[in-house]
Amino acid sequence: MSSAAEQEAVDAAAVESAEPVSVEAAPVEGVEGVAVVAVDTAGAVNALRGAVAAPAVAHVNGRPAGAAGADREPALRAVTRPGPPVWPGSSHPLGARYRTGPDGTAGTNFALWAQGAEAVELCLFDAEGAETRCALTELTHEIWHGFLPGVRPGQRYGFRVHGRWDPWTGARFNPAKLLLDPYARAVDGDFALPPEVYGHVRDWPQQYIADTVRDDRDSAPYVPKGVVVHDDDDWADDVRPKTPWADSVIYELHVRGFTMRHPGVPEELRGTYAGLAHPAAVEHLTRLGVTAVELLPVHQFAHEDHLLRRGLRNYWGYNSIGYFAPHAGYSSSGTAGQQVGEFKRMVKALHAAGIEVILDVVYNHTAEAGELGPTLSLRGIDNRGYYRLQSDQRRYADYTGCGNTLHAGRPHVLRLITDSLRYWVTEMGVDGFRFDLAAALARSMHDVDMLSPFLAVIAQDPVLRRVKLIAEPWDVGSGGYQVGAFPPLWTEWNDRYRDAVRDFWRGALPDVRDLGYRLSGSSDLYAWGGRRPYASVNFVTAHDGFTLRDLVSYERKHNDANGEAGRDGTNDNRSWNCGAEGDPPEGADPRIGVLRRRQLRNLLTTLLLSTGVPMLVAGDEFGRTQGGNNNAYCQDNETGWVDWSLLEDPAWRELFALAARLVALRQEHPVLRRRAFFSGRPQGADGLRDLAWFTPAGTEMTERDWYAPAAALGMYLSGRDIPGRDERGRQVSDDSFLMLLHAGDRPVAWVLPDAPWAAGYELVLDTAREDQAAPPGTRHRGGETLTVPARSVLLLRVAD
């Protein structure tokens with residue numbers, strides 16, 4: 001390689017002699033007049049000489065500020081044809097909005113925030129893919145905007161943004177790359193990620209500097225386009241369920257995976273929003289009794305390059321690129337805006353069944369990944385403005401494990417997030433959000449800050465503070481684990497609950513202290529600042545990890561199909577296979593299957609009778625398996641889809657019947673869904689407390705008992721001391737219950753608490769029984785000794 005001084009002289013001369021390039025584009029159907037602009041004004045500079053020459057399409061134009069070749073790109077020089085100019089339009093709202101112009105002419109206003117840009121082109125595409133480029137010359141408060149008369153709903157579009165290519169200072173403008181509008185309300189097409197989609201030369205031989213070599217090939221033929229959408233749906237006939245938090249039962253599902261194999265959903269609707277809205281799908285949810293579905297990401301997302309190279313796809317969708325657009329791949333009716341109406345009809349159908357819709361949203365990062373990722377939208381619009389960068393501004397601050405982190409502390413990024421959230425509530429009808437890696441959004445400069453701009457904005461927003469807000473209260477950065485730390489208004493995924501319940505039922509808890517906190521609402525985590533027990537979203541399984549059936553069938557992950565040599569997925573499964581790994585072979589001990597089904601009943605019963613908000617995962621209620629894959633994020637196939645044929649097996653139908661019965665029991669009894677924490681103090685003259693804990697000897701737990709090794713715990717819930725009143729101001733009262741949990745491998749003799757706790761008890765549920773279709777109904781006296789079977793839960797109602 002030549003010396004630095006010689007190379008700088010070569011680069012400077014190349015830039016000096018570069019000729020402007022002008023490309024005219026074809027007109028767009030339905031639009032009178034065309035504005036055509038220059039594509040690029042910089043010539044190709046090959047500054048990295050060596051054994052392998054750079055492709056002719058690439059040049060290096062990014063070195064430390066002040067170096068030769070780092071000058072700003074020459075200003076865009078427009079080349080126009082006869083025809084009406086782009087009208088000034090408005091800087092508000094952002095995105096593409098179809099409306100009537102100042103003289104009554106129908107058209108579309110386009111507005112794009114791009115702080116560091118030197119010029120912005122709006123690119124319109126006709127049905128054949130021909131492109132028309134129109135310069136947006138109006139600039140108001142860093143927003144480029146213009147109104148195009150005659151542009152109607154269904155029009156496909158994107159942006160090209162001109163500016164500096166200087167990766168050393170974080171500037172990655174490249175007008176050769178067509179960019180998706182961050183505010184696009186529909187997206188047409190899919191991301192295939194060929195080399196042309198990258199702002200740098202993806203396959204540059206020296207990968208350590210590849211991100212600094214600009215790729216000047218046009219990406220337009222290879223990327224999806226935004227679609228202009230007409231907001232014309234009427235929500236007047238929609239009634240939101242508005243289920244109180246304490247009464248909620250959440251059901252996490254994947255729109256595609258839930259319906260792909262459902263026999264009652266027409267084949268042409270499977271895997272779509274319309275499929276989820278179909279009566280056959282809704283009927284299952286209502287039979288189970290859940291009050292809300294939590295949908296895995298439905299924002300438009302892209303598939304990662306490493307998956308596409310292995311013939312796989314991002315199935316879960318935690319790789320968002322369009323925060324306003326429902327993912328087009330889940331639409332049965334079309335992708336030219338029809339997906340928006342189909343999503344709305346799905347929401348209405350679920351609301352009509354009394355079911356709320358919660359979206360799992362990914363605002364912490366985007367599909368553009370790290371510096372070696374594709375240029376799809378925000379990176380090319382204003383890389384420094386949207387992303388958190390390291391002190392070496394070539395690199396991204398990665399608190400997400402996905403290559404980049406959105407800078408939610410900046411006003412325009414906050415605006416993007418909150419505008420998106422409000423849109424989904426007010427115009428798409430959703431009822432709440434679960435925030436993936438929410439701690440990343442709560443970071444100020446570096447540390448997680450519960451007074452951060454993101455949390456402050458949400459708390460004061462008149463729309464967002466009224467919907468359900470669920471935090472995944474961690475990220476992968478330093479200090480990112482924040483379970484119990486989010487402020488009032490927020491609920492949290494409580495992984496402390498998950499771990500304690502799993503460990504108890506596999507016999508790995510040293511004592512029962514942690515279990516007692518988790519069963520009673522996790523007051524050690526949430527009893528501060530006005531928070532309530534329903535701040536804890538209790539779960540044993542989630543999309544990430546083993547299914548419930550796999551939790552009792554596998555002790556190690558089996559992720560070979562993911563193609564990552566077992567590196568993906570957690571090794572901390574806290575599972576127990578009950579004596580055999582995976583499905584037992586022919587002739588295996590039948591007691592293994594019996595034990596596994598009992599463990600499933602134990603886990604479901606514990607979850608649905610605990611204080612807090614329970615979350616089930618689709619298919620867990622009837623034995624769905626992923627074959628031991630604990631990270632099925634790329635398994636868009638039978639591994640990841642719900643297998644409805646399981647309901648043809650009587651054993652799995654019984655499990656579903658138990659789950660439905662437990663949900664109904666929870667909804668019937670307010671003592672199981674308290675709105676305030678237990679006090680544990682005497683409530684009346686007889687000395688009864690609202691919550692009491694018992695040993696198998698029938699005595700109340702002492703301090704010493706809590707620290708002693710134990711596999712059994714009795715929990716007494718008093719229904720007469722429930723704080724709060726009903727809607728008519730009447731004191732809430734209920735039955736009292738005694739729940740006995742025994743994780744030991746041998747039966748235990750248990751003395752039932754006598755007066756003043758109860759004169760007698762009626763057996764409501766026994767998980768040792770295979771058949772749970774009817775309640776046992778057996779009566780027992782206070783002071784009587786019961787034999788509690790090994791690994792079982794007994795629920796008894798206090799009977800006077």
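Everything discussed here concerns the structure shown above.
First things first, this report covers the structure right here in the doc. Given the structure is predicted, the values throughout are model-derived calculations rather than measurements.

### Here we look at the overall build of the chain
Right, so step 1: When helices and strands are counted, the chain shows 17 helices and 34 strands.
Right, so step 2: Residues classed as buried in the chain amount to 60% of the 800 residues present.
Right, so step 3: Long-range contacts, defined as pairs at least 24 residues apart, comprise 72% of the intrachain contacts of the chain with a sequence gap of at least 6.
Right, so step 4: A total of about 29,600 Å² of accessible surface is found on the chain, and carbon and sulfur atoms cover 51% of it.

### Here we look at the packing of helix H4 (residues 279–288) against helix H16 (residues 650–668)
Right, so step 1: For the pair H4 and H16, the least separation of the axes is 8 Å and the interaxial angle reads 60 degrees. Viewed along their axes, H4 and H16 adopt a mutual orientation that is oblique. Touching His284, Arg287 and Leu288 of H4 are Phe656, Ala659, Ala660 and Val663, all from H16.

### A word on the environment of tyrosine 497
Right, so step 1: For tyrosine 497, the position within the fold is in helix H11 (residues 495–505).
Right, so step 2: Spatially, the C-alpha atom of tyrosine 497 lies 9.2 Å from that of leucine 607, the residues being 110 residues apart in sequence.

### What about the side chain of arginine 443?
Right, so step 1: Checked against the element boundaries, arginine 443 lands in the loop between helix H9 (438–441) and helix H10 (453–460).
Right, so step 2: Engagement of the side chain of arginine 443 in a polar contact is seen with the backbone oxygen of histidine 446, the distance being 2.5 Å.
Right, so step 3: Here serine 478 takes part through its backbone oxygen, which lies 3.0 Å from a polar atom of the side chain of arginine 443.
Right, so step 4: Ignoring any residue separated from it by four or fewer positions in sequence, one finds arginine 443 in contact with Arg388, Tyr399, Val448, Asp449, Asp475, Gly477, Ser478, Gly479 and Gly480.

### Notes on the packing of H11 against helix H15 (residues 591–609)
Think of two packed helices as two axes; the pair is described by the angle between the axes and how far apart they sit.
Right, so step 1: Their axes nearest at 11 Å, the elements H11 and H15 cross at an angle of 145 degrees. Once H11 is placed against H15, the crossing between them reads as right-handed. In this structure, H11 contributes Tyr497, Val501 and Trp505 to the contact, and H15 contributes Gln599, Asn602, Leu603, Thr606 and Leu607.

### Brief notes about unusual backbone geometry
Right, so step 1: Going from histidine 92 to proline 93, the amide bond is cis rather than trans, its omega being -5 degrees.
Right, so step 2: On the secondary structure map, proline 93 appears in the loop between strand S4 (78–80) and strand S5 (95–100).
Right, so step 3: The peptide bond linking alanine 755 to proline 756 adopts the cis configuration, its omega dihedral lying at 10 degrees.
Right, so step 4: With respect to the helices and strands, proline 756 occurs in the loop between strand S30 (748–751) and strand S31 (760–766).
Right, so step 5: Here the phi dihedral of alanine 369 falls at roughly 55 degrees; this positive angle occurs in a residue that is not glycine.

### A closer look at the sheet that holds strand S6 (residues 106–113)
Two modes of strand pairing occur in sheets, parallel and antiparallel, and in both the strands are linked by backbone hydrogen bonds.
Right, so step 1: Spatially, S5-S6-S10-S9 is the arrangement adopted by the four strands of the open sheet, whose pairing is antiparallel. At either margin of the open sheet sits one strand with a lone partner, and together these are S5 and strand S9 (138–140). Ignoring which end each strand starts from, the neighbouring axes of this sheet average 30 degrees apart.
Right, so step 2: As paired elements, S5 and S6 share six bridges and run antiparallel to each other. Paired with tyrosine 98 across the two strands is threonine 108, which belongs to S6.

### A look at the pattern of salt bridges
Right, so step 1: Evaluation of the coordinates by the stated rule reveals 58 salt bridges.
Right, so step 2: Across the pair arginine 496 and aspartate 514 runs a salt bridge whose closest N-O atoms are separated by 3.8 Å. With arginine 496 in helix H11 and aspartate 514 in helix H12 (residues 513–519), this residue pair connects regions lying 18 residues apart in the sequence.
Right, so step 3: Taking relative accessible area as the criterion, arginine 496 reaches 31% and is therefore assigned partly exposed.
Right, so step 4: Since its relative accessible area comes to 24%, aspartate 514 is described here as partly exposed.
Right, so step 5: Each member of the salt-bridge network shares a partner with another, and the members are Asp495, Arg498, Asp499, Asp503, Arg506, Asp572 and Arg574.

### Here we look at the nonpolar core
Right, so step 1: Core analysis: the biggest nonpolar cluster contains 169 residues, and Phe258, Leu295, Phe343, Leu359, Phe433 and Phe435 have the highest contact counts within it.
Right, so step 2: Considering every element that reaches this core, the biggest residue donor is H16, with nine residues.
Right, so step 3: Discounting chain neighbours no more than four positions away, the residues touching phenylalanine 433 are Ile358, Leu359, Val361, Leu421, Trp424, Val425, Val467, Lys468, Leu469 and Ile470.
Right, so step 4: Counting 19 residues, the second-largest nonpolar core is a separate cluster that includes Ala712, Tyr761, Leu786 and Val788.

### Observations concerning the side chain of aspartate 511
Right, so step 1: Relative to the elements of secondary structure, aspartate 511 occurs in the loop between H11 and H12.
Right, so step 2: Aspartate 511 gets classed as buried once you look at its relative accessible area, which sits at 8%.
Right, so step 3: For aspartate 511, the side chain forms a polar contact with the side chain of arginine 513, separated by 3.0 Å.
Right, so step 4: Residues within four places of aspartate 511 in sequence aside, it is in contact with Trp706, Tyr707, Ala708 and Ala710.

### Focus on H11
Residues spaced three or four apart along an α-helix face the same direction, because each turn holds 3.6 residues.
Right, so step 1: Burial within H11 is extensive, with nine of its 11 residues counted as buried.
Right, so step 2: Along H11, the residues that are buried comprise Asp495, Tyr497, Asp499, Ala500, Val501, Arg502, Asp503, Phe504 and Trp505.
Right, so step 3: Of the residues that open H11, the one with a side-chain oxygen 3.0 Å from the backbone nitrogen of arginine 496 is asparagine 494.
Right, so step 4: Glycine 507 lies just past H11 and shows a positive phi near 75 degrees.

Conventions we followed
- Residues numbered from 1 in each chain as written.
- Predicted model: local features only at pLDDT ≥ 70, side-chain atom pairs only at ≥ 80, totals over all residues.
- Heavy atoms only, no water.
- Helix = DSSP H or I, 4+ residues; strand = E, 2+ residues; numbered from the N terminus.
- Buried < 20%, exposed > 50% of the residue type's maximum accessible area, 1.4 Å probe, protein only.
- Contact = heavy atoms within 4.5 Å.
- Areas by Shrake-Rupley, 256 points an atom, 1.4 Å probe, with all protein chains shown as cover.
- Axes fitted to C-alpha atoms, helices over the stretch in contact; angles between N-to-C directions.
- Parallel < 35°, antiparallel > 145°, perpendicular 65-115°, else oblique.
- Polar contact = N/O pair within 3.5 Å; in protein donor to acceptor, adjacent residues only side chain to side chain.
- Left-handed = near helix turned anticlockwise from the far one by under 90°.
- Pairing = 2+ DSSP bridges.
- Salt bridge = Lys/Arg side-chain N within 4 Å of Asp/Glu carboxyl O.
- Core = buried A, V, L, I, M, F, W, Y, C linked by side-chain atoms within 4.5 Å.

Remember that the coordinates give geometry; whether it matters functionally is a separate question.
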